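Examination of the molecular architecture
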Amino acid sequence: LIYLYGGEPAGVVPAALGLLPARPEPPQKPPYSYIALIAMAIKSAPEQRATLSGIYQFIMERFPFYRDNRQGWQNSIRHNLSLNDCFIKVPREKGRPGKGSYWTLDARCLDMFENGNYRRRKRKARGQQDASAGAHKRRR
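Just so it is clear, the model here is predicted, and its values are computed rather than measured.

Structural notes on the packing of helix H2 (residues 52-62) against helix H3 (residues 70-83)
Relative orientation of the contacting elements H2 and H3 amounts to 130°, with a least axis distance of 11 Å. With respect to H3, the axis of H2 lies oblique. Classified by chirality, the crossing of H3 by H2 is right-handed. For the pair H2 and H3, the contacting residues are Leu52, Ile55, Tyr56, Ile59 and Met60 in the first and Arg70, Trp73, Gln74, Ile77, Arg78 and Leu81 in the second. The class makeup of the residues in the contact of H2 with H3 is eight nonpolar, one polar and two charged.

Right under this line is the structure:
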């Protein structure tokens, strides 16, 4: 119990009576991987493609946790876009206003999240893993 000391003759008033504004709890980190967040942003975008800026905007609008400390998580988004073969960079068409390329999902990865459950990616059958090893991770 916190007490307020005011200038009133009654002296001490308990703060628990709602006189102090409650501090809002900081937003919790969502249970989604960066790959899932990117896939959500792309799938929700018109024509199933989004610019890097559009991906950032989608994430910040839907997940308040990511409104702060932008440098760290935005670097992780860029890292995942460039290293994961599920994400394809599509150049902007001539005469199309704006800056930067679009990102879209490889057709082989459209169903990587079962029934829209972005908390868990689909497992591949053993034979499929060897045949399409490059479908999810790039080799250097």
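Focus: the state of the cysteines
A complete count under the given rule lists one disulfide for this structure. The disulfide partner of Cys86 is Cys109, and the S-S distance across this bridge is 2.3 Å. With the S-S dihedral at roughly -70°, the linkage between Cys86 and Cys109 falls on the left-handed side. Linking Cys86 in the loop between H3 and strand S4 (87-90) with Cys109 in the loop between strand S5 (102-105) and helix H4 (126-131), this pair joins segments that are 23 residues apart in sequence.

Structural notes on the pattern of salt bridges
Side chains that carry opposite charge are capable of pairing whenever their charged atoms lie near each other. Throughout the structure, instances matching the rule amount to four salt bridges. Among the salt bridges present, the one from Glu47 reaches Arg49, with a minimum N-O distance of 3.4 Å. You can call Glu47 exposed: its relative accessible area is 58%. Residue classification places Arg49 among the buried residues on the basis of a relative accessible area of 12%. A salt bridge links Arg62 to Glu61; the nearest nitrogen and oxygen atoms lie 3.5 Å apart. For Arg62, a relative accessible area of 45% puts it in the partly exposed group. Put simply, Glu47, Arg49 and Glu93 are held in one network by salt bridges that share partners.

Notes on the confidence of the model for the chain
Overall, the predicted model of the chain reaches an average pLDDT of 78, with 68% of residues at or above 70. When mean pLDDT is compared element by element in the chain, H2 scores highest at 96, while strand S1 (residues 3-5) scores lowest at 46. Below a pLDDT of 50 lies the segment residues 130-136, which in the model reaches 16 contacts outside its immediate sequence neighbourhood of four places, other chains included.

Description of the packing of aromatic side chains
Taken as a whole and assessed by the stated rule, the structure comprises five aromatic pairs. Between Tyr32 and Phe63, the ring centres sit 5.8 Å apart and the planes meet at 65°, which makes this aromatic pair edge-to-face. In this pair, Tyr32 sits in the loop between strand S2 (12-14) and helix H1 (34-44) while Phe63 sits in the loop between H2 and H3, placing the two residues 31 residues apart along the sequence. Site record: aromatic cluster; members linked through ring pairs are Tyr34, Tyr56, Phe65, Tyr66 and Trp73. The lysine or arginine in question, Arg49, covers the ring of Tyr102, its NZ or CZ lying 4.1 Å from the ring centre.

Points about the side chain of Thr51
Relative to the assigned elements, Thr51 resides in strand S3 (residues 49-51). Of the residues examined, Thr51 reaches a relative accessible area of 17% and is grouped as buried. Here Thr51 is in contact with Arg92, Lys99, Ser101 and Tyr102, once residues within four sequence places are set aside.

Quick look at H1
The buried count for H1 comes to eight of 11 residues, which makes it a mostly enclosed element. All of the buried residues in H1 are Ile35, Ala36, Leu37, Ile38, Ala39, Met40, Ala41 and Ile42. Next to the buried residues of H1 lie S3, H2, H3, S4 and S5.

The rules behind each value
- Residues numbered from 1 in each chain as written.
- Predicted model: local features only at pLDDT ≥ 70, side-chain atom pairs only at ≥ 80, totals over all residues.
- Heavy atoms only, no water.
- Axes fitted to C-alpha atoms, helices over the stretch in contact; angles between N-to-C directions.
- Helix = DSSP H or I, 4+ residues; strand = E, 2+ residues; numbered from the N terminus.
- Parallel < 35°, antiparallel > 145°, perpendicular 65-115°, else oblique.
- Left-handed = near helix turned anticlockwise from the far one by under 90°.
- Contact = heavy atoms within 4.5 Å.
- Nonpolar A, V, L, I, M, F, W, Y, C, P; charged D, E, K, R; others polar.
- Disulfide = S-S within 2.5 Å.
- Salt bridge = Lys/Arg side-chain N within 4 Å of Asp/Glu carboxyl O.
- Buried < 20%, exposed > 50% of the residue type's maximum accessible area, 1.4 Å probe, protein only.
- pLDDT = per-residue confidence, 0-100.
- Phe/Tyr/Trp six-rings, centres within 6.5 Å; stacked < 30°, edge-to-face > 60°.
- Lys NZ or Arg CZ within 6 Å of the ring centre and 35° of its normal.

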